[in-house]
Amino acid sequence: MSKLETCDLRLYYGDLEALQGISMHVEERRITALIGPSGCGKSTFLRCFNRMNDTIPGARVAGQALLDGQDIYAPDVDVVELRRRIGMVFQRPNPFPQSIYDNAAFGPRVLGLARAAPPWNRRRWDGMRERAGLDEIVEQSLRAAALWEEVKHKLRSSALDLSAGEQQRLCIARVLAVKPEVILMDEPCSALDPAATLRIEDLMRELQEQYTIVIVTHNMQQAARVSDYTGFFWLGRLVEYDQTAKIFTRPAQELTEDYVTGRLG
Amino acid sequence: MTKARELFDRGLAELRDRILELGTMVETAISQAFRALREQDREIARQVIAGDEQINARRYDVEECCLRLIATQQPTARDLRAIVAAIHIVTELERIGDYASGIAELAIRLAGQPFLKPLIDLPRMAQIDQEMVCASLEAYLAYDPELAFNTARRDAEIDQLDDQIYRELLTYMLDDPRTIPRATYLLWVSHKLERIADRVTNICERVVFMATGEVKEFNF
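Residues numbered from 1 in each chain as written. Chains lettered and ligands numbered in written order. Predicted model: local features only at pLDDT ≥ 70, side-chain atom pairs only at ≥ 80, totals over all residues.

## Focus on the overall build of chain B
Our working rule: In this text, helices come from DSSP runs of H or I with a minimum length of four residues, and strands from runs of E with a minimum of two, each type numbered from the N-terminal end. Our exposure labels follow a C-beta count within 10 Å of each residue's own C-beta, placed from the backbone: buried means 20 or more other C-beta atoms, exposed means 12 or fewer, and partly exposed covers the counts in between. Whether two residues are in contact is decided by their C-beta atoms, placed from the backbone, lying within 7 Å.
Counting secondary structure elements, chain B contains 7 helices and 0 strands. Counted from the first residue to the last, chain B has its helices and strands arranged as α-α-α-α-α-α-α. Over its C-alpha atoms, taken along the principal directions, chain B stretches across nearly 70 × 35 × 20 Å. Taken over 220 residues, chain B has a buried fraction of 40%. In chain B, the share of contacts with a sequence separation of at least 24, taken over all contacts with a separation of at least 6, comes to 81%.

And the structure:
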């Protein structure tokens, strides 16, 4: 079974059909890239999976989006839990204006994921017990985001003092701290320099062993380098979706060929 | 080393393995084709001819591998030259396979007829050809321009033997016109063995290009 799947998924902003009947599946523990020009719907499509479009007034979804075969838009879906299972990393690193530690600990604290305090003598042991569990979670997430070595000696310092690349890895750590299954990345490297970009790409390859990753990117070379599958979007339509090597060596659609060879805008 | 580089290196290693595999298939084809000629064995000859299909398929496998690496890894410098060289090298290996197949066909035509003369120079040419194929691929693996150069130089030995065979067979034909058909076939065998060495020289030129970036023509 695919990890994520859409069946004739459509999205409307009011009367405007922004996504036209998208049917595709995302393989588990693979990296799937979504490419296409600006405004073609790839980010909109990405946001369907964690229902971020719900926050946009007038946005309406039709068709199906499934996580492990379950309807993401079913009325009884706990959206908070959905967004724990499907995490998101944004184009501009957006750490909270708090310490590095508190950024990574935020999700587990809010969701109560740290080791529970014993029922007796809660007042005395509560804080310490919670912290011990959190410490582990924070370290694990920062390690998994390849950031631990750089920040382990300054966990209490402000996240905003980190470089852009480090901040982005902290945002990834924040997502990992709540043990997601899927990581959505919306142009995660656009705001980063080439060296930081390569580090993120390397990290993606490591993460792929445990998580399903979907990345929206403007950078075709990045899609070609990093992903296993690529979907090409054009004007709200999924034009072609196939193994990355195939998309970049012999695409089936002429439109895809024109785009990847740079003949389209 | 980054994971990206590791993945790329694995892809390049896979490419090298496939080329070596193809090289071994081609060496075997030369050796078996010659065995068919020497032992007048039509069955072995037919196997060589049938085996050429696999050699062709393998060549396209390698090209596909190269296409994928170029599209997904954006290779530069030495890596780019290695991949481009690989495409040329397998084309040459595939042509060598065709020549071996051609020798097998001639073996079928010659089978059942008495040998014009004991085969001495032709087996020597076939042996040198195999050694050259093997050495050229060693040079490719090791990025060794010196070995490539020394291997290509042996083309001169092949040309000399080819010349010798021509003069010898000419005297047979002039002496007795009834030998012309068999002599002609043997001339063609010699010609194919000579062309094999030319192809190996091309491989060696590609190895030098891959290792140094220099385009050198070998004319021995």
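Structure shown, so let's carry the discussion forward.
## A look at the overall build of chain A
Short version of the rule: Radius of gyration: C-alpha atoms only; globule rule: 2.2 Å multiplied by the number of residues to the exponent 0.38.
Helix and strand content of chain A: 10 helices and 10 strands. Relative to the 2.2 N^0.38 estimate, which gives 18 Å for 265 residues, the radius of gyration of chain A is 20 Å and therefore close to what a compact globule would have. Dimensions of chain A along its principal axes, counting C-alpha atoms only, are 65 × 45 × 35 Å. Taking the contacts inside chain A whose residues are at least 6 apart along the sequence as the reference set, 68% of them involve residues at least 24 apart.

## Side note on the interface of chain A and chain B
Put simply, the test is: Residue polarity follows a fixed list, in which Ala, Val, Leu, Ile, Met, Phe, Trp, Tyr, Cys and Pro are nonpolar, Asp, Glu, Lys and Arg are charged, and the others, Gly among them, are polar.
Listed as interface residues are 12 residues of chain A and, on the opposing side, 9 residues of chain B. Mapped by element, the contributors of at least two residues to the side of chain A that touches chain B are helix H7 (194-207), helix H8 (220-226) and helix H9 (244-249) of chain A. The element best represented in the side of chain A that touches chain B is H7(A), accounting for 5 residues. In terms of residue class, the side of chain A that touches chain B is made up of 4 nonpolar, 3 polar and 5 charged.

## Overview of the nonpolar core
Side chains of a nonpolar character, in soluble globular proteins, are inclined to be buried together. We apply this condition: Think of a nonpolar core as buried Ala, Val, Leu, Ile, Met, Phe, Trp, Tyr and Cys residues chained together by C-beta atoms that fall within 7 Å.
One finds Ala173(A), Ile183(A), Leu184(A) and Ile213(A) to be the most contacted residues of the largest nonpolar core, which totals 69 residues. In terms of residue count, helix H6 (residues 164-176) of chain A provides more of this core than any other element does, 6 residues in total. Excluding residues that lie within four positions of it along the chain, Leu184(A) makes contacts with Leu46(A), Phe49(A), Asn50(A), Ile86(A), Gly87(A), Met88(A) and Val214(A). One finds Ala29(B), Ala85(B), Ile165(B) and Ala197(B) within the second-largest nonpolar core, a separate group that totals 62 residues.

## Points about the sheet that holds strand S4 (residues 59-67) of chain A
Residue and element names in this part refer to chain A. Formally: Here, strands pair whenever DSSP counts at least two bridges between them.
A sheet is described by the order of its strands in space; here 4 strands give the open sequence S2-S1-S4-S5, paired in antiparallel fashion. Both edges of this open sheet fall to strand S2 (16-26) and strand S5 (70-71), since each of them pairs with a single strand only. The pairing of S4 with S5 spans 2 bridges and is classified as antiparallel. Within S5, the position partnered with leucine 66 by the bridge is aspartate 71.

## Some details on the packing of helix H4 (residues 121-142) of chain B against helix H7 (residues 180-212) of chain B
Think of two packed helices as two axes; the pair is described by the angle between the axes and how far apart they sit. Residues and elements named next belong to chain B. Rule in force here: An axis is simply a line fitted to the C-alpha atoms; with a helix, the fit covers only the stretch in contact. Between two such axes, the angle follows the N-to-C directions and lies from 0 to 180 degrees. Throughout, the term roughly parallel applies to angles under 35 degrees, roughly antiparallel to angles over 145, roughly perpendicular to angles from 65 to 115, and oblique to all others. Crossing handedness: left-handed means the near helix sits turned counterclockwise from the far one by under a right angle, and right-handed means the same turn made clockwise.
Two numbers describe how H4 lies on H7: the axes approach to 9 Å, and their chain directions differ by 15°. With respect to their mutual orientation, H4 and H7 come out roughly parallel. In this structure, H4 meets H7 at a crossing whose hand is left-handed. Here Leu122, Met125, Ala126, Asp129, Met132, Val133, Ser136, Ala139 and Tyr140 of H4 lie close against H7, whose contacting residues are Leu186, Val189, Ser190, Leu193, Ile196, Ala197, Val200, Ile203, Cys204 and Val207. Broken down by class, the residue content of the contact of H4 with H7 amounts to 16 nonpolar, 2 polar and 1 charged.

## Some words on helix H5 (residues 145-153) of chain B
Residue and element names in this part refer to chain B. Where we set the bar: Our arc is simply the arc of the directions from the helix axis toward the C-beta atoms.
Residues of H5 that are buried: Leu147, Ala148, Thr151 and Ala152. Each buried residue of H5 sits inside an arc of 135° when the element is viewed along its axis, so together they form one side. Residues of H5 that are buried make contact with H4, helix H6 (155-175) and H7.

## Description of the environment of Glu205(B)
Residues and elements named next belong to chain B. Residue placement: glutamate 205 occurs in helix H7. Placed 126 residues apart in sequence, glutamate 205 and aspartate 79 show a C-alpha to C-alpha distance of 17 Å. What glutamate 205 contacts, discounting residues up to four positions off in sequence, is Lys216, Glu217 and Phe218.

## What to know about the packing of H5(B) against H7(B)
All names here are of chain B. Between H5 and H7, whose axes approach to 9 Å, the crossing angle comes to 160°. When the axis of H5 is compared with that of H7, the two are roughly antiparallel. Along this stretch, H5 crosses H7, giving a crossing that reads as left-handed. Taking contact as the criterion, the partners of Pro145, Ala148, Phe149, Thr151 and Ala152 in H5 are, on H7, Val200, Thr201, Cys204, Val207, Val208, Ala211 and Thr212.

## A look at the sheet that holds strand S3 (residues 31-35) of chain A
Residue and element names in this part refer to chain A. Read from one edge of the open sheet, 6 strands run S6-S7-S8-S3-S9-S10, paired in mixed fashion. One side of each edge strand has no neighbouring strand; the edge strands of this open sheet are strand S6 (86-89) and strand S10 (237-243). Averaged over all adjacent pairs, the angle separating strand axes in this sheet is 15°, with direction ignored. Judged from the 4 bridges that link them, S3 and strand S9 (residues 229-234) form a sheet pairing that is parallel. Across the sheet, the residue bridging to alanine 33 is threonine 230, located in S9. Seen against the sheet, H6 touches S6 and strand S7 (182-186) and runs at an angle of roughly 170° to S6.

## Details of the pairing of S9(A)
All names here are of chain A. Here S9 lies mainly inside the structure; 6 of its 6 residues are buried. As judged from the 6 bridges shared by S9 and S10, these two strands associate in the antiparallel manner. When the bridges of S10 are listed, glycine 231 appears paired with tyrosine 241. Linking S9 back to S10 in an antiparallel pair, the connection comprises 2 residues, with leucine 235 at a positive phi of about 50°.

## Remarks on the pairing of strand S8 (residues 212-216) of chain A
Residue and element names in this part refer to chain A. With 5 of its 5 residues buried, S8 lies for the most part within the structure. Along S8, one buried face is formed by Thr212, Val214 and Val216 and the opposite face, lined by Ile213 and Ile215, is buried too. Where S3 and S8 come together, 4 bridges link them in parallel fashion. Residue leucine 34 lies in a different strand from S8, and its bridge partner there is valine 216. When S7 meets S8, the two strands line up parallel, connected through 5 bridges.

## A word on the confidence of the model for chain B
How we decide: Every residue is assigned a pLDDT by the predictor, reflecting its confidence on a scale from 0 to 100.
Considering every residue of chain B, the mean pLDDT works out to 94; 100% of them sit at 70 or more. Two summary scores accompany this predicted model of the complex, namely pTM at 0.82 and ipTM at 0.72.

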